[in-house]
Structures are given as C-alpha cells and as structure tokens.
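Okay, here's what each chain looks like letter by letter:
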Amino acid sequence: RLNRMLHVEVIKTGNEGNCYLITTDNPRFKELKTSIMVDYGGYFLEKRDYSDLCAICLTHCHKDHVSGMARLQKLHNYKLPVIGTYDELNAPNVQKVLGIRRGEDVPLIYVEFPEIMQKSTPICMGNFVIFAARAYHDTACPVHYWINDGEKSVFIVCDTSNLDDVALHLLEESDIVLIESNYSRNVIRTNMIDGKKVEIVFVKSLKERIITYGHLSNQDITSILPHLVNAKVIVLTHINEVLNSRSTMEREIGKSERIKFCFAKDCPMKFVV
C-alpha cells in the first residue's frame, strides 16, 4: 500500500471562472500522468507547466467553466483528452473553444450512465479512476466528478440545484469535497446582507433561476453536512459574493476546522489529504 498524498488546488472559483487541479504525489503507475483538471473557465491561464495533465473533466458548458480551455488545448496541440457527457461536449460553445469547429481532432471521452440515476461507468485516465454523477442545472446534461487515485478521493460538486442519492453516497466516500455554497436564501429573501442592502438588484426571474435551476445555498450545505462524516476537508466554492459573505456563511453553516471558505479573491488555494 502506497502512502499517497492527494493535492487539490482551486485555481479559480466563482462567476469569473472555475478551475480545479488534482494531483497525486505517489503514483501507482510511474509511467502515467499524475494530474487531472476539472473545468477551465476564465482567462487566467497561469505561467505554469500543465504537461502532466492526463485529461480535463467538463462539468457543463457554461462560459465560466469552459472559456479558458481554448488556450489550454493550444498548449497541448489539441491532444488533451476532454471528459464529459455527449450533450455538454457537443454544445456549440464547447466545440468552438476546443477547436473542433476549426477541424482540430481533440480526443473526446464520453461519460456514460448505464441506467438512469446511476453513477457513470468508470473512466481510467493516468493514475486516476473517475466516476460522474448527475447534476441538476440549466444545461443539457451536467455532471459532478468523483476522482480517486487508488487510495484517496475528491468529489467536485459544481452548479446544481440539488443532490440525488448517488451524489450523496459519493460524498460519504470522499476524503475531500469541493462543493458550492453559492448564496444565502435569507439574503435573497430580504435583499439584505450583513446589515446592508445587496449591491445589485436581482429581478424575480433571476432569483428563481438561482434557487430552482442553479445553485446550492448555505442552507442546503447544512443539510448535506451529515453526509460528509468521512471528509477530512470540505471546501465551499463558487460563492456569489453579492448574495453571500464569510460572516453570513459562518453564521448559517457554522465554523469548523474541516470547512474552508474559498472566495475568488483567495485563489489559488491548495489542500492536501
């Protein structure tokens, strides 16, 4: 049994872009790559070496999750495998950023669900085994990703209005969880945050989209916490800094050594389990 450390880096999170990097530091297979990425949205490509990436996992086709992939693919001569569901990988904007519309032969690996509501069939890439679970967002077929290096696992939950039984089970089997805590229901209801009016006026239709089709709230996280008994680190991501704040989250979710608040301005942030 190898003594692996799993490194998880939040390169970016929030409305401006989302990108997560997972690296195993004691690979079971020395000849295979040791890093994998989930999403690459935004224009913040850092001057770092991404040559060790075995693949990039796409959760869904929204701009803040895919827009940086054009530059990333160019660095890899358009040969970096991309994992995702058929509908999300074939969305017009995804085909454009990957260079496929220009004729680039980017390798696509499709997530497959053998039965409705089941987790996907496993995908092996580099030193990782990957499962996908269904997400519930306003795109065609969004997913979450559970990634295991043979010893430890991370579950990355992005942009969803709820979690089904499969996702809750994967949460229970994770060493580290990255999960959005996008907004506070109390802030949306009252238009007040930390004793002040919210900075932006949210029309009723947008509020309904956030609540019904879009994102998890602080209140949702409190109901999910009992499923996170085995998680050594819980990172709250994709925080809407107009409809949420650190003090609001601490008051509504509570403080814990395991729980980390990851605001856009704090990125990049690194965690090890």
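Up top you'll find the structure we're talking about.
In every chain, residue numbers begin from 1 and rise along the written sequence. The predicted origin of the model limits local features to residues at a pLDDT of at least 70 and limits the giving and counting of side-chain atom pairs to 80 or more, whereas totals for whole chains, interfaces and linings rest on all residues. Where side-chain values are given, they derive from all heavy atoms of the structure, hydrogens and water being excluded.

### Thoughts on the packing of aromatic side chains
Pairing of aromatic rings covers Phe, Tyr and the six-membered ring of Trp, with a centre-to-centre limit of 6.5 Å; geometry is then stacked below 30 degrees between planes, edge-to-face above 60, and tilted otherwise. What the rule picks out here adds up to three aromatic pairs. Centre to centre, the rings of Y86 and Y110 are 5.3 Å apart; their planes meet at 45 degrees, and the pair counts as tilted. Here the residue Y86 occupies a position in helix α3 (residues 86–89), and Y110 occupies one in strand β6 (residues 108–110), the gap between them amounting to 24 residues. Between buried and exposed lies partly exposed: a residue is buried under 20% and exposed over 50% of the maximum accessible area for its type, with that area taken using a 1.4 Å probe on protein chains only. Overall, the relative accessible area of 51% leaves Y86 in the exposed class. Ring centres of F131 and W146 lie 6.0 Å apart, and the angle between their planes is 55 degrees; this geometry places the pair in the tilted category. Here F131, found in strand β8 (residues 128–134), pairs with W146, found in strand β9 (residues 143–148); they are 15 residues apart in sequence, far enough to count as distant. Residues F131 and W146 agree in their burial class; the two are buried. Whether a charge sits over a ring depends on NZ of Lys or CZ of Arg being within 6 Å of the ring centre and within 35 degrees of the ring normal. Taking NZ or CZ as reference, K265 lies 4.5 Å from the ring centre of F263, over its face. We count a stretch as a helix when DSSP gives it H or I for four or more residues in a row; a strand needs E for two or more, and each element gets its number in order from the N terminus.

### As for the side chain of D164
Here D164 lies in the loop between β10 (153–157) and α5 (165–172). Lys and Arg are tallied as positive, Asp and Glu as negative. Neither His nor the chain termini are counted. One side-chain nitrogen of Lys or Arg within 4 Å of one carboxyl oxygen of Asp or Glu is enough to make a salt bridge. R134 provides the closest opposite charge to the buried, salt-bridge-free D164, at an N-O distance of 6.0 Å.

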